[in-house]
Amino acid sequence: MNNKRLEKTIDFLTDLLFPKFCINCGKEGAYLCQDCRALMNISEHQYCLCEKPKVTSTGKCTQCQNKSLDGLYFAVSPQDQILQKILYEYRQNSVKDLSETLASLIITHLRLLDNPQPWEDKKLITVPTPKDKIKKQGFDPTLKIAESLSEQLQLPLIESALKTDFKIKKKVKGKKLLLAGITYENNEMNQWAELLKQNQAKEVWGITVTRTK
């Protein structure tokens, strides 16, 4: 039995023994049922990097040109109550399978944009997760989302580059990157983008589930 078939068999048995329930309404079948997903307002627009973001088609407005990121893709408003429930279960209760749900929200956002396939010709790289968070959750929450994005969008994933400085330039030089995180936090993500640019990355775009308020 090959690995893919084994994984499907394990997933089937897991779902059979431990059925999933919608985090919002409790309906059996999935962590986010179709009815509750339809209640979420997944963004059809791209916004600039300002504290009070404005719709933009270029990634940045005139006020945030000094940011290291070339732009940001985020799927859902931080005020969305269903998203907050999902993130709580993912972060606090370590529900690993929610990585696929969160990745699917990002992918829906990307496909709703006027710019078709904004991930084209880019590679994924992740914002590093502190070791204490990985230990607490039992997995790397950002990496799990990036792995799902990589699989579903057929995007190469550059692993561990930001954890080992001496390898960064070799891995990112001349490349267009999607810097994956869970939440866009202004200073943190821009600092990582600055480091990537210093190591000659051609472009660095943030890609997250949401952003800070």
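Residues numbered from 1 in each chain as written. Predicted model: local features only at pLDDT ≥ 70, side-chain atom pairs only at ≥ 80, totals over all residues. Heavy atoms only, no water.

**Quick word on the overall build of the protein**
Working step 1: Secondary structure assignment for the protein yields eight helices and seven strands.
Working step 2: Looking at the protein residue by residue over its 213 residues, the buried ones come to 45%.
Working step 3: Partitioning the intrachain contacts of the protein with sequence separation of at least 6 by distance along the chain shows that 70% fall at a separation of at least 24. (Helix = DSSP H or I, 4+ residues; strand = E, 2+ residues; numbered from the N terminus. Buried < 20%, exposed > 50% of the residue type's maximum accessible area, 1.4 Å probe, protein only. Contact = heavy atoms within 4.5 Å.)

**With respect to the nonpolar core**
Working step 1: In terms of nonpolar packing, the biggest core is built from 37 residues, with L102, L105, I145, L149 and I207 touching the most fellow members.
Working step 2: Secondary-structure elements contributing two or more residues to this core are α3 (81-92), α4 (98-112), α6 (141-153), β4 (176-180) and β6 (203-208).
Working step 3: The greatest single-element share of this core, amounting to seven residues, is contributed by α4.
Working step 4: Within the second largest apolar cluster, 22 residues are counted, among which are C48, Y184, A193 and V204. (Core = buried A, V, L, I, M, F, W, Y, C linked by side-chain atoms within 4.5 Å.)

**Structural notes on the sheet that holds β4**
Working step 1: Here we have five strands laid out as an open sheet, ordered β1-β6-β4-β2-β3, and parallel in their pairing. Bordering the open sheet on either side are β1 (71-74) and β3 (157-158), each of which pairs with just one other strand.
Working step 2: Strand direction decides the pairing type here: strand β2 (residues 123-126) and β3, joined by two bridges, are parallel. Counted as the bridge partner of I125 is I158 from β3. (Pairing = 2+ DSSP bridges.)

**Thoughts on the pairing of β2**
Working step 1: Summarising the sheet, β2 and β4 pair through four bridges and their orientation is parallel. Paired with K123 across the strands is L177, a residue of β4.

**Notes on α3**
Working step 1: End to end, α3 covers 16 Å across twelve residues, agreeing with the expected 16 Å (1.5 Å per residue, within 8%).
Working step 2: Every buried residue of α3 is accounted for by I82, L83, I86, L87 and Y90. Across the axial projection of α3, the buried residues extend over an arc of 130°, all falling on one side.
Working step 3: Of the surrounding secondary structure, the elements contacted by the buried residues of α3 are α2 (34-39), α4, α5 (131-137), α6 and β7 (210-211).
Working step 4: The N-terminus of α3 is capped by D80, whose side-chain oxygen sits 3.0 Å from the backbone nitrogen of I82. (Expected span 1.5 Å × (residues − 1). Arc of directions from axis to C-beta. Polar contact = N/O pair within 3.5 Å; in protein donor to acceptor, adjacent residues only side chain to side chain.)

**Some points on the pairing of β6**
Working step 1: Of all six residues making up β6, five are buried, and the element is well covered by its neighbours.
Working step 2: Here β4 pairs with β6 via five bridges, running parallel. Within the sheet, the bridge partner assigned to L179 lies in β6 and is G206.

**Considering the state of the cysteines**
Working step 1: Here the structure, examined in full by the defined rule, presents zero disulfides.
Working step 2: A disulfide-free cysteine, C22 has its sulfur positioned 3.7 Å from the sulfur of C36, the nearest such atom.
Working step 3: Residue classification places C22 among the buried residues on the basis of a relative accessible area of 4%.
Working step 4: Take C48: it sits in no disulfide, and the sulfur closest to it among the cysteines is that of C50, at 3.8 Å. (Disulfide = S-S within 2.5 Å.)

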